Each structure stands twice: as structure tokens, then as C-alpha cells.
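Residue-level structure breakdown
Letter by letter, the chains look like this.
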Amino acid sequence: MKITMLFDIMRWEERAILKSMQDKNVDVQLLNVKDINMDLQKLNYDFGDISLQRSTGYYRNLHSTAYVEFTGNKIMNDFHSTIITGNKMFTSTVLSQHGVRIPKTFVSFTNEKFLESFKSDFKGRAVTKPVTGSWGRMISLLNDYYAAMDVSEYKEYMYPIYQVNYTQEYINDFNRDLRVFLVNDRAVAGIYRYRSGEDWRTNTALGGRAEPLKITSEIEDIVEKVHDALGSGIYGIDILESRDGYFVNEVNGNTEFKNTVPVTGINIPDYISDYLISEAKK
């Protein structure tokens, strides 16, 4: 059996997955996507029985995934789910259409519509995010109209993708959110994420504190709906917690778990490698 790992940065996660597969006597090929040159007329790489996509750069990830899949090879996550999870609007729409509860979310394309929605739909308080991106970058909590006006004006001078106004209600009843890890069709681990210091964001990449989360039947039901919406794969599901229940905020298709494994004691890399091996055998 041969499994190819595509990557652009060898992080703790990639090293841990590599070790897990090597411990299971899997032949692993490492392929840095920054070094490849894909021939679009004929396949010029041997990807083995299955590939694992771990590239952090979204566009490198998306296009190399397309090449692997379109040349008749199997890859996790697949092209369809990579498209969806790489864009917050696409994710929210697909989840909502599959019965997954999401926060109040509006998308507009002009300053005027954004500011109108900020006042009427969100009553002057909301979170605005770029539709692509991770690690909490360029996410703004807007607490008044003038802040919203300033941010929207700045975005007018940015690359067009940043002029898509993806706006959500701010949910923070318990000063934390949840990150649940889905491998294939199972919630294998979860953490609470608490914000650090004065930062309102909870991302562990920004210093947020992690605590273990018990996977309840309610969370399992949410994860099952996410799986039905996106298909099998490896995902990090971000869930907001309010007094009115849970809302799925985002789904990360190239999730990190460096801070989750030591907190929970759950070997997520082993779940991933077992999943890949089972898929490679099909």
C-alpha cells in the first residue's frame, strides 16, 4: 500500500500523521506541492492508492487536489468538499440547506447594502469575515455603525474577494466555542476554546486556551448532519454555544489538532491514518 501526503509546510500535524502511518508499515510518499509541476495532458506523478491533502495554502490545496482527483486518483479531502469548506459562504449555505443550524448570516456585495444590513439585520453589532482564510485573520467584531463604515471602506481597496461582505451575528454567551474533529463519519475528539486576554477570538492559533470536550449525543447529531452535507472526510467543526443551543459556525477542511491531542489524550493522527488505510483498500 502506498499513500501520498501532499503538503506545503511540514507542521506538527503532518509529522504526527506521517509517524502514525509509518508505525502501521504504510509506504508514505511526501510530496511538497511547492515543488511539483503538473502536466495537464498526462499524469506525471504516481499518487499511489490514496492521497492525503495537507497543504495550508488554500489555492495550492484546491488546485493540486483537482489534479489528483481529475486524473483518476483518490484524495482526502476530495475536490467538492475542498471547494465548499474553503469558502465560508459556500459552507454556510450547504450546511443550512442540509438542516444544520447556523448563526444568522447575510452576504452582500456593496458598502451600502452591508451597512444597511448591519443596522437592520444585526441591530448595530456583528462579526464580519473574509469568505476565505483561517486562523482568525481579518475577522472584525463591529460594535457600532462607525466601525462598520470604516471597515467596509477599507475593504473597497482590497482584492475583490475581500469585498464580499460575509456578516454574522455575534454569539458569545459562555465566552467559549467548540471545535469537534470529524474523521470519516465519526466525531473522534473535541475541545472547548476560550479566548486569551483581551482578544475576543478563541482560535488556539492566536493563543486561545483549550479544554477537553465531552462528545454528547446532541453534538453527535450535529456532526452527523455535517457529514451528510459535506460527505466523508477529515474536518474540524467550529460550533458556537448560546443559551438557545448550538450553531455550526465554520468547517475547516484542513484542520489542525496540535493543541487538541495533549489536552484530550486522543490520538487523532491514528484515526486519520486508519481512515486512509481503510479507504485505500476499497
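For clarity, every value in this text was computed on a predicted model and none was experimentally measured. (Residues numbered from 1 in each chain as written. Predicted model: local features only at pLDDT ≥ 70, side-chain atom pairs only at ≥ 80, totals over all residues. Heavy atoms only, no water.)

Attention now goes to the pattern of salt bridges. Pairing between side chains of opposite charge can happen when the charged atoms of each approach one another. Counting across every chain of the model gives 18 salt bridges. Salt-bridge contacts for Arg193 lead to Asp177; the nearest nitrogen and oxygen are separated by 3.0 Å. You can see Arg193 sitting in strand β10 (residues 186-194) and its partner Asp177 sitting in strand β9 (residues 176-184), a full 16 residues away along the chain. Between Arg179 and Asp238 there is a salt bridge; the shortest N-O distance is 2.4 Å. Remark: Asp238 occurs in strand β12 (residues 233-242) and Arg179 occurs in strand β9; sequence separation between them is 59 residues. (Salt bridge = Lys/Arg side-chain N within 4 Å of Asp/Glu carboxyl O. Helix = DSSP H or I, 4+ residues; strand = E, 2+ residues; numbered from the N terminus.)

Our next topic: empty space enclosed by the protein. Unfilled space is identified by rolling a water-sized probe across the atoms. Counted according to the given criterion, the structure contains one cavity of 30 Å³ or more. Estimates place the volume of the largest cavity at around 30 Å³. Forming the walls of the largest cavity are Phe109, Thr110, Asn111, Ser152, Lys155, Glu156, Gln163 and Asn165. Split by residue class, the lining of the largest cavity holds one nonpolar, five polar and two charged. (1 Å grid on protein atoms, 1.4 Å probe; cavity = no way out; pocket = protein on both sides within 12 Å on 5 of 7 lines; lining within 4 Å. Points joined across faces, edges and corners; volume = space filled by probe spheres on them. Nonpolar A, V, L, I, M, F, W, Y, C, P; charged D, E, K, R; others polar.)

Let us now look at the sheet that holds strand β7 (residues 140-142). An order of β5-β8-β6-β7 is seen for the four strands of this open sheet, with the pairing classed as antiparallel. Both outer strands of the open sheet, β5 (105-108) and β7, are each paired with one neighbouring strand and no more. Along the sheet, successive strands turn relative to each other by an average axial angle of 25 degrees, direction set aside. One ladder, built from three bridges, connects strand β6 (residues 126-129) with β7; its direction is antiparallel. Bridging from a neighbouring strand, Ala126 pairs with Leu142 of β7. Along the sheet, helix α6 (residues 145-155) contacts β6, β7 and β8 (165-168); its crossing angle with β7, the most-contacted strand, is approximately 140 degrees. (Pairing = 2+ DSSP bridges. Axes fitted to C-alpha atoms, helices over the stretch in contact; angles between N-to-C directions. Contact = heavy atoms within 4.5 Å.)

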